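Structural description and commentary
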Amino acid sequence: VRRRALPAVPEPFPDAFRAMLEQLLRHGNRIVGGRTEVARARRRALAASGTFAGHRSYVPGDDVRRLDWHAFARTGGLFVKLLEEDERRATTVLLDTSPSMLAGGPPRLLASLRLAAILGGLALVHLDGVHVHAGGEGRGLQGHGAVGELLTRLREHVVRDEDPRTVVQSLLRAGAPGKVHWISDFAEPRRFEVALQLLRRSGRRVKGWLPVVDEDLAAPSAGWTRVVDPETGDELVLAVDRALADALAHQLQILVRQQQQVFAKAGFELRRLRLPVESFELRDWLEVGWSYRR
Amino acid sequence: MELPTLTAPQQLWWLLAVLPLLFWLAQPPRPRRMHLTSHRAQWLLAQASLRRRPPRFRALRWLLLSMAAGAVAFAQAAPRSAGRSGPERLVVLLDGSASMAARRGGESAFARAVELVRRELESVPPHVEVEVVRLGAVCARWRGAAARELAEPGEPAGELPAPLPALAAAAADARTAVFVVTDGQDGTPAGTACATVGAAAANTALAVDNVDDRWPRPELGVAVTLHNFGPARKATVRASGALARATEATVELPANGVARVPLQLVRSAAGGEVLVRATATDDALPLDDQAALAVPPLPAPRIAVLGDDRGALFVQRAAQALADEVGGSVVEAKDGGEASFLLIEGGSAAVQPGSAAMAAFGVRAPDRPIEVWAAPTLVDWDHGDPLLAGLDFSELSVQHALRDALPDGKPLITAVDASGTTRPLAVLVQGPRAASLHFAFRLQDSTLPLLAAFPQLLRRALLRGHGDQRVRVLTPAPSLHEADLERLPPPSALPLPAFAEPGQDLAPWCLLVAALLLAARAGLR
């Protein structure tokens, strides 16, 4: 199959985004989803009797009840005690970097990268760590200071075709912790069905994130159009008219239902969200409404 | 298997323009807008729900259309199947020589040959160009429908202009077949379609050897020769027609020999055609059994006489003797009377020389004075002139004659006078319609009436006045080669060769194939 040169992805993390991300991460409890998660984490911490495993620096938003006052008395610095139970308060961000993510304008991968940066950043800030798996490679990051490294890791992703099942198997072998936040287009739901079942059998919780782009909603402009699948390189020459656009919209609705069914069948949640990719205003991004679980 | 032949192969050049055009038209559209999608399956399903197919190059559809275009171009090139090789033209050499008139069973060989040619030509394919050539005394040629119909083949006569084998060899070539129909007298060409229609038979040919024409006398002697090609037998020769009475003679013909028959005939005064026919038993060729002679009428002259008292006796006697010899009569010379020959003795007469057939002896013109020429001495006479040829005038003696009384004309007899001057004694004046003979002396003053040449001279003068009237043989001498029918071969036939068959026109089939290919293409989604 003749493959076309894949389009380049615009700079995912320009300075404006980095500034906006910093603001968003400092926003703390005002993040709707984040407040819920903190409360739930607190209940779990109270009920837990974990073993002391070490310290880490305090960052705004940490539970003050877990401050090690003894260490504060000795050193004058604020440290949070890490118990064995808290080690598991990490999450995994699984980013699909297959060529199909290049579809859309701007490409879906751009929104996915920024989404992964936000989710990973929130995990670094509010949890104990995050495991980022993108482009076939995974790595664990901890602490607020690892946000820069997180962005670097995400930025250095490699676009490659990966089978979801293979990715999940790799993820499980690597011992990726916590809840898996799977960012993908889920373009072929059946391919993801096996992978989701595999995660379910391994006791993992999964949340699907699907950044919506324009092509998920309607056909492009009318007229003779060449439609190219970036994953296979296959082309279609179409005379796009009203009838075909309507038929495509109908098929896209069916696809949405199939995606939802696949996740529901596995007992997981799939969230479709439209990201303000072209905006770097904090207000716009806060309107998305973030929530995450371990 | 031979491949079809393209009559107009230049039409195939269209394929160079048509096929690339069809290939270009068969290409799917190439839109400039490109859209990356992760929903290719949804696009396909949407199209399928609308029963649409994506436009793309269909090699089979293009191949069918190209083959249809090729078939149409092939049809334009006028293809024809190979057909059968062979001659495309037929030349029939029909023997029309005299021997073809030989009859057997009441039908001539020529009639059988014509019927055979018609029958054979019916089986010749219509695309074959047919030409019939009749060879004989008169050659004739027919082409096309006239040759196949052969409505007026004519009658056989004469000899062949050349041997048939040579003519057949000259006419034949790679695309021309020759069919010879003959009686086989000159042989049959080898390796050529040939039919012989004759059969050996006995024949007698009559040829006129000699004609003894005694005109203006009625006697006519004809000597004929009978050439017998066959066994010994009797033959009868009969002369009839413009004769005072028919004459018949019987002769014994030797086997394959010759018999000569002299016939003494007396012609009728009116003249006409005399037919001499030989009749023999078992004679196959009647064409050469007779000869025709054109016999001029007898002059039967009316001879008028003018003479003075003493000389009238001489010319009267001479006129009577001439009339008796040629069957004429002596009439009185008077104003308003008609005469075909005039004899004048002495005196003067206002007669224009050369205006009428006449003989004038010592006649002077009325306005001319009398000048006597005493005792002219004969010098000579014109031996070469037909009028005097063979006649002897050496004994001619003239007592006296008229000097300078003769008109201008051709001197026939000359003499000298006492002064030694040579002058004519007789001249011939040839006019536009008649010839007149003028003598400078009278008969009574000479020994001319006593000469043996005198009656002959008068008769010749009479004949000269009436022009040349000789018997002519109308029938040419028969060809002994044609008359010999004994060596004719028996009838045989060598059939015509297989002619070239033109190939079938394949253009309709090509168009049908093109239509089927288009139908198959239309049914192919």
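Okay, so let's go over this structure.

Time to look at the overall build of chain A. A count of helices and strands for chain A gives 10 helices and 10 strands. Out of the 294 residues belonging to chain A, those deemed buried represent 50%. When the accessible surface of chain A is split by element, carbon and sulfur atoms take 49% of a total near 13,500 Å².

Residue and element names in this part refer to chain B. Reading across from one edge, β14-β13-β16-β17-β28 is the order of the 5 strands in this open sheet, with antiparallel pairing throughout. Bordering the open sheet on either side are β14 (247-253) and β28 (472-473), each of which pairs with just one other strand. Across 6 bridges, strand β16 (residues 272-280) lies against strand β17 (residues 290-295) in antiparallel orientation. Bridged to Glu273 within β17 is Ala294.

A few words now on a nonpolar patch on the surface. Residues and elements named next belong to chain A. Taken together, the side chains of Trp69, Phe72 and Leu78 present a nonpolar region at the surface, about 300 Å² in accessible area. Its location among the elements puts Phe72 in helix α3 (residues 69-75). You can call Phe72 partly exposed: its relative accessible area is 36%.

Enumeration according to the criterion identifies 14 aromatic pairs over all chains in this entry. Judged by centre distance (4.8 Å) and plane angle (15 degrees), the ring pair of Phe361 of chain B and Phe439 of chain B falls under stacked. Placement of Phe361 of chain B in strand β21 (residues 358-361) and of Phe439 of chain B in strand β27 (residues 435-439) is noted, with a sequence separation of 78 residues between them. The residues Phe361 of chain B and Phe439 of chain B share a single accessibility class, namely buried. Summarising the aromatic geometry, the rings of Phe439 of chain B and Phe441 of chain B are spaced 5.6 Å apart at their centres and angled 65 degrees between planes, so their arrangement reads as edge-to-face. Taken individually, Phe439 of chain B and Phe441 of chain B each receive the classification buried, so the pair is uniform in this respect. Following the ring pairs from residue to residue traces out a cluster consisting of Trp182, Phe186, Phe192 and Phe263 of chain A. The ring of Phe17 of chain A has Arg114 of chain A sitting right over it, with the charged end atom 5.5 Å from the ring centre.

Moving on to the interface of chain B and chain A. At the junction of the two partners, chain B supplies 22 residues and chain A supplies 37 residues. Interface area for chain B against chain A, summed over the two sides, is near 2,800 Å², with a carbon-plus-sulfur share of 65%. If you sort the residues of chain B by the area they bury against chain A, Arg33, Leu36 and Trp43 of chain B come out on top, with a joint share of 26%. Between the two partners, chain B and chain A, sit 2 salt bridges. Between Arg40 of chain B and Asp234 of chain A there is a salt bridge; the shortest N-O distance is 3.9 Å. Linking chain B to chain A there are 11 residue pairs in polar contact (both at pLDDT 80 or more). Of all the elements in the fold, those that place two or more residues in the side of chain B that touches chain A are β2 (34-36) and α2 (40-49) of chain B. Ranked by residues supplied to the side of chain B that touches chain A, first place goes to α2 of chain B with 8 residues.

Here the focus is the packing of helix α9 (residues 242-266) of chain A against α2 of chain B. Put simply, α9 of chain A and α2 of chain B touch, their axes get as near as 8 Å, and they point 125 degrees apart. What the angle tells us is that α9 of chain A and α2 of chain B run oblique. Two packed elements cross with a definite hand, and for α9 of chain A against α2 of chain B that hand is right-handed. Contacts from Leu244, Ala247, Leu248, Gln251, Leu252 and Leu255 of chain A of α9 of chain A reach α2 of chain B at Gln42, Trp43, Leu45, Ala46, Gln47 and Ser49 of chain B. Residue classes in the contact of α9 of chain A with α2 of chain B are distributed as 8 nonpolar, 4 polar and no charged.

Let us now look at the pairing of strand β4 (residues 89-96) of chain B. The side chains of a regular strand alternate, residue by residue, between the two faces of the sheet. Residues and elements named next belong to chain B. Buried residues dominate β4, accounting for 8 of its 8 residues. Of the two faces of β4, the one holding Arg89, Val91, Leu93 and Asp95 and the one holding Leu90, Val92, Leu94 and Gly96 are both buried throughout. Sheet analysis places β4 next to strand β7 (residues 129-136), joined by 8 bridges and oriented parallel. Note that in β7 the partner of Val92 across the bridge is Val132.

This paragraph deals with unusual backbone geometry. Cis geometry marks the peptide bond from Gly105 of chain A to Pro106 of chain A, where omega comes out at 0 degrees. Checked against the element boundaries, Pro106 of chain A lands in the loop between β3 (90-95) and α5 (108-126). Here the phi dihedral of Arg51 of chain B falls at roughly 55 degrees; this positive angle occurs in a residue that is not glycine. With respect to the secondary-structure elements, Arg51 of chain B resides in the loop between α2 and α3 (59-76). Among the residues examined, Arg51 of chain B registers a relative accessible area of 80% and is labelled exposed. Not every positive phi belongs to a glycine, and Leu150 of chain B is a case in point at roughly 50 degrees. Checked against the element boundaries, Leu150 of chain B lands in the loop between α5 (144-149) and α6 (164-171). Assessed through its relative accessible area of 0%, Leu150 of chain B is described here as buried.

Rules of the game
- Residues numbered from 1 in each chain as written.
- Chains lettered and ligands numbered in written order.
- Predicted model: local features only at pLDDT ≥ 70, side-chain atom pairs only at ≥ 80, totals over all residues.
- Heavy atoms only, no water.
- Helix = DSSP H or I, 4+ residues; strand = E, 2+ residues; numbered from the N terminus.
- Buried < 20%, exposed > 50% of the residue type's maximum accessible area, 1.4 Å probe, protein only.
- Areas by Shrake-Rupley, 256 points an atom, 1.4 Å probe, with all protein chains shown as cover.
- Pairing = 2+ DSSP bridges.
- Patch = residues over 30% accessible without salt bridge, like charges linked within 9 Å, V, L, I, M, F, W, Y side chains within 5 Å.
- Salt bridge = Lys/Arg side-chain N within 4 Å of Asp/Glu carboxyl O.
- Phe/Tyr/Trp six-rings, centres within 6.5 Å; stacked < 30°, edge-to-face > 60°.
- Lys NZ or Arg CZ within 6 Å of the ring centre and 35° of its normal.
- Contact = heavy atoms within 4.5 Å.
- Buried area = accessible area lost by both parts, 1.4 Å probe.
- Polar contact = N/O pair within 3.5 Å; in protein donor to acceptor, adjacent residues only side chain to side chain.
- Axes fitted to C-alpha atoms, helices over the stretch in contact; angles between N-to-C directions.
- Parallel < 35°, antiparallel > 145°, perpendicular 65-115°, else oblique.
- Left-handed = near helix turned anticlockwise from the far one by under 90°.
- Nonpolar A, V, L, I, M, F, W, Y, C, P; charged D, E, K, R; others polar.

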